[in-house]
Amino acid sequence: MKIYLDAMGGDNAPKAPAEGAREALERFEGLEIELAGPIDQVRAAVDAAFQGADPALRARLVLTDCPEVITNCEAPVMAVRRKKQSAIVDGMLKLRDGQVDAFVSAGSTGAVLSGGMFRLGRLRGIDRPALAPLLPNGKGYFLLIDCGANVDCRPEYLHQFAMMGSAYMQGMRGLKSPRIGLVNNGAEAEKGCALTKEAYALLEADQRLNFVGNVEAREITHDQADVIVCDGFVGNVILKFMEGVAGTLMGIIKKELLSDTRSKLGALLAKPAFGRVKKAMDYSEVGGAPLLGVRGSVVKAHGSSNGHALACAIGQAVQMIRGGVVGKIEALLPQGGEQPAD
């Protein structure tokens, strides 16, 4: 199994990708990683990250020179079309041609999305690929789809998101019949805007899906559904709000636990429990969001990912390959097969 890793993606590149590559190679026996970016910068980062490593481990890492870098300041579509020697374009083409098994990047979300659509290609029957992170719900994780790839959606897009999300949870979490919920401002079928009302009808009519109805915002983290479906605007607001609330709560808890001697003693006793809570709420433990609907396994890691987060993103890509997620999505689609790159 070989995974392509963008060495220049994210705020901490190329240090974090190099460190993430080492951790992933240590974790997954038999895994090979192709790390791509401006070769001098990449080689220096790898030399530092792999200092003292077993030579056999380093031998499973291939460096590729991709001198062009796509930044967050560029128009994604134009950058993907012009910068053919960037890691995002090179990696997508190699994934398309079967030279690698998955692609991972913490770089520009727009560029990864554009690369997936225009260089890798969409699955036949999918109009819009979607980003779908796993988020904690107290008992495990739920999948939020879409979280920002598609701000303006049609009802059929939400239906496709549900199918992709169901297939992903089957392949990744081992769920036989994932519960599908539609984000809305009320639990009743007649609630919502034109988009959610029409999407509700499509989801309810599809017997292949275990549709459990509308899910209000306060119920999202209460294990009401395994897949939460919404348009990218709503999904991105939910994602960012959850990140903000988690950070605020952890800050308040830390402040109060250090406020007096009694609280400090209690904090010392409860430290292991708080550590587990923090880990459960930490996005880096999941690694990133898969880009579902394209012809290959693609994981978009958080822009601020450190080495551990990128190792977890690589691990998610490994699971996608082993779980046959792309094949399961194709099996749920009415038209099946593959759609050429745009």
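Here we summarise the structure given alongside this text. Numbering of residues begins from 1 in every chain and follows the order in which that chain's sequence is written. Totals for whole chains, interfaces and linings use every residue, but because this is a predicted model, local features are given only for residues with pLDDT of at least 70 and side-chain atom pairs only at 80 or more, for both listing and counting. Hydrogens and waters are ignored; side-chain quantities use all the structure's heavy atoms.

## Comments concerning the pairing of strand S9 (residues 210–215)
Put simply, side chains in a regular strand alternate between the two faces of the sheet. We call two strands paired when DSSP finds no fewer than two bridges between them. For helices the rule is a DSSP run of H or I covering at least 4 residues; for strands it is a run of E covering at least 2, with both sets numbered from the N terminus onward. Inspection of the sheet shows strand S8 (residues 179–183) paired to S9 by five bridges, in the parallel sense. What sits directly across from Leu182, in S9, is Asn214. In terms of handedness, the path from S8 via helix H8 (residues 194–205) over to S9 forms a crossover that is right-handed. Whether a crossover is right-handed comes down to one check: with the strands pointing away from the viewer, does the path from the first strand over the helix to the second run clockwise; if it does, it is right-handed.

## Focus: the side chain of Asn150
Relative to the elements of secondary structure, Asn150 occurs in the loop between strand S7 (141–145) and helix H7 (155–173). The rule is simple: take the accessible area with a 1.4 Å probe, protein chains only, and divide by the maximum for that residue type; under 20% is buried, over 50% is exposed, in between is partly exposed. With relative accessibility at 7%, the residue Asn150 sits in the buried group. In what follows, a contact means two residues having at least one pair of non-hydrogen atoms within 4.5 Å. Sequence-distant contacts of Asn150, defined by excluding residues within four places in its chain, comprise Arg128, Pro129, Ala130, Phe161, Asp231, Gly232 and Phe233.

## Some remarks on the pattern of salt bridges
Salt-bridge detection follows one rule: a side-chain nitrogen of Lys or Arg within 4 Å of a carboxyl oxygen of Asp or Glu. Applying the stated criterion across every chain yields a total of 15 salt bridges. When the shortest N-O distance is used, the salt bridge between Glu26 and Arg22 registers 3.0 Å. Of this pair, Glu26 and Arg22 both sit in helix H1 (residues 15–27), four residues apart, which is roughly one turn of that helix. We note a salt bridge from Arg218 to Glu216, for which the minimum N-O separation is 3.7 Å. Given the relative accessible area of 58%, Arg218 is considered exposed. Three or more residues joined by partner-sharing salt bridges are found here, namely Lys2, Glu34, Asp90 and Lys94.

## Description of the packing of aromatic side chains
Side-chain rings of Phe, Tyr and Trp (the six-membered ring for Trp) are treated as a pair once their centres are within 6.5 Å; stacked means planes under 30 degrees apart, edge-to-face means over 60, and tilted covers the remaining angles. In the structure shown here, the tally under the stated rule is two aromatic pairs. Plain terms: the ring middles of Tyr4 and Phe103 are 5.8 Å apart, the flat faces sit at 25 degrees to each other, and that makes the pair stacked. One end of the pair, Tyr4, is in strand S1 (residues 2–6); the other, Phe103, is in strand S4 (residues 102–105), with 99 residues separating them in the sequence. In this structure Tyr4 comes out as buried when scored by relative accessible area, which is 0%. Of the residues examined, Phe103 reaches a relative accessible area of 0% and is grouped as buried. With a centroid separation of 5.0 Å and 80 degrees between ring planes, the pair formed by Tyr200 and Phe211 is classed as edge-to-face. One end of the pair, Tyr200, is in helix H8; the other, Phe211, is in strand S9, with eleven residues separating them in the sequence. Grouping residues by exposure puts Tyr200 and Phe211 together as buried. Its end group placed over the ring of Phe118, Arg81 keeps NZ or CZ at 5.3 Å from the ring centre. In this analysis the charged atom, NZ for Lys or CZ for Arg, is taken to sit over a ring once it is within 6 Å of the ring centre and within 35 degrees of the ring normal.

## Some details on the sheet that holds strand S11 (residues 288–292)
With respect to topology, seven strands assemble into an open sheet ordered S3-S2-S1-S4-S12-S11-S5, the strand pairing being mixed. Edge positions in the sheet fall to strand S3 (61–65) and strand S5 (130–131), since each of these pairs with one other strand and no more. Two strands pair when backbone bridges link them, and S5 and S11 are joined in this way by two bridges, in the antiparallel orientation. In the sheet register, Ala130 faces S11, and the bridge partner there is Leu292. With axes taken as lines fitted to C-alpha atoms, and helix axes fitted only over the stretch in contact, angles between N-to-C directions fall between 0 and 180 degrees. Against the sheet, H1 engages S1, strand S2 (32–37) and S3, with an angle of about 175 degrees to S2. Lying on the sheet, helix H11 (residues 307–323) is in contact with S1, S2, S4, S11 and strand S12 (297–301); it crosses S12 at an angle near 160 degrees.

## Examining the nonpolar core
Working definition of a nonpolar core: buried Ala, Val, Leu, Ile, Met, Phe, Trp, Tyr and Cys residues. They are joined through side-chain atoms within 4.5 Å. Of all hydrophobic cores here, the largest spans 66 residues; its most connected members are Leu31, Ile33, Ile145, Phe161, Tyr168, Val229 and Leu292. With ten residues, H7 is the largest single contributor of residues to this core. The contact partners of Val229, leaving out residues within four places of it in the chain, are Ile145, Leu158, Phe161, Ala162, Ile180, Gly181, Leu182 and Val183. Within the second largest apolar cluster, 38 residues are counted, among which are Ala87, Val89, Ala111 and Ile228.

## Things to note about unusual backbone geometry
Residue Pro14 is reached from Ala13 by a cis peptide bond, and omega for that bond is 0 degrees. Here Pro14 is to be found in the loop between S1 and H1. Here the amide bond leading from Ile145 into Asp146 is cis, since omega sits at 10 degrees, within 30 degrees of zero. Of note, Asp223 is a non-glycine position whose phi angle comes to about 60 degrees, a positive value.

## Some details on the packing of H7 against helix H12 (residues 325–332)
The N-to-C vectors of H7 and H12 enclose an angle of 140 degrees; their axes lie 8 Å apart at closest approach. If you check the angle between H7 and H12, you find them oblique. Crossing of H7 over H12 shows right-handed handedness. Packed against H7, whose contacting residues are Met163, Met164, Ser166, Ala167, Tyr168, Gln170, Gly171 and Met172, the element H12 presents Val325, Lys328, Ile329 and Leu332 at the interface. Between 65 and 115 degrees an angle is taken as roughly perpendicular, under 35 as roughly parallel, over 145 as roughly antiparallel, and anywhere else as oblique. In a left-handed crossing the near helix is turned counterclockwise from the far helix by less than a right angle, and in a right-handed crossing that turn is clockwise.

## A word on a nonpolar patch on the surface
Excluding any residue in a salt bridge, patches collect residues exceeding 30% relative accessible area, merging like charges within 9 Å and nonpolar Val, Leu, Ile, Met, Phe, Trp and Tyr side chains within 5 Å. Areas reported here follow the Shrake-Rupley algorithm with a probe of radius 1.4 Å; residue values treat only the protein chains shown as occluding. Together, Phe241, Val245, Leu249, Ile252 and Ile253 give the surface a local cluster of nonpolar side chains, amounting to about 440 Å² of exposed area. Tracing the sequence through the fold places Leu249 in helix H9 (residues 232–257).

## Quick word on the packing of helix H5 (residues 87–96) against helix H6 (residues 109–120)
Axis separation between H5 and H6 bottoms out at 9 Å; the angle between their running directions is 40 degrees. On the basis of their axis angle, the class for H5 and H6 is oblique. Judged by the twist between their axes, the crossing of H5 over H6 is right-handed. Listed contacts from H6 to Ile88, Val89, Met92, Leu93, Leu95 and Arg96 of H5 are Ala111, Val112, Gly115, Gly116, Arg119 and Leu120. Gly counts as polar in this scheme, as do all residues outside two lists: the nonpolar Ala, Val, Leu, Ile, Met, Phe, Trp, Tyr, Cys and Pro, and the charged Asp, Glu, Lys and Arg. Looking at the contact of H5 with H6 residue by residue, the class counts come to eight nonpolar, two polar and two charged.

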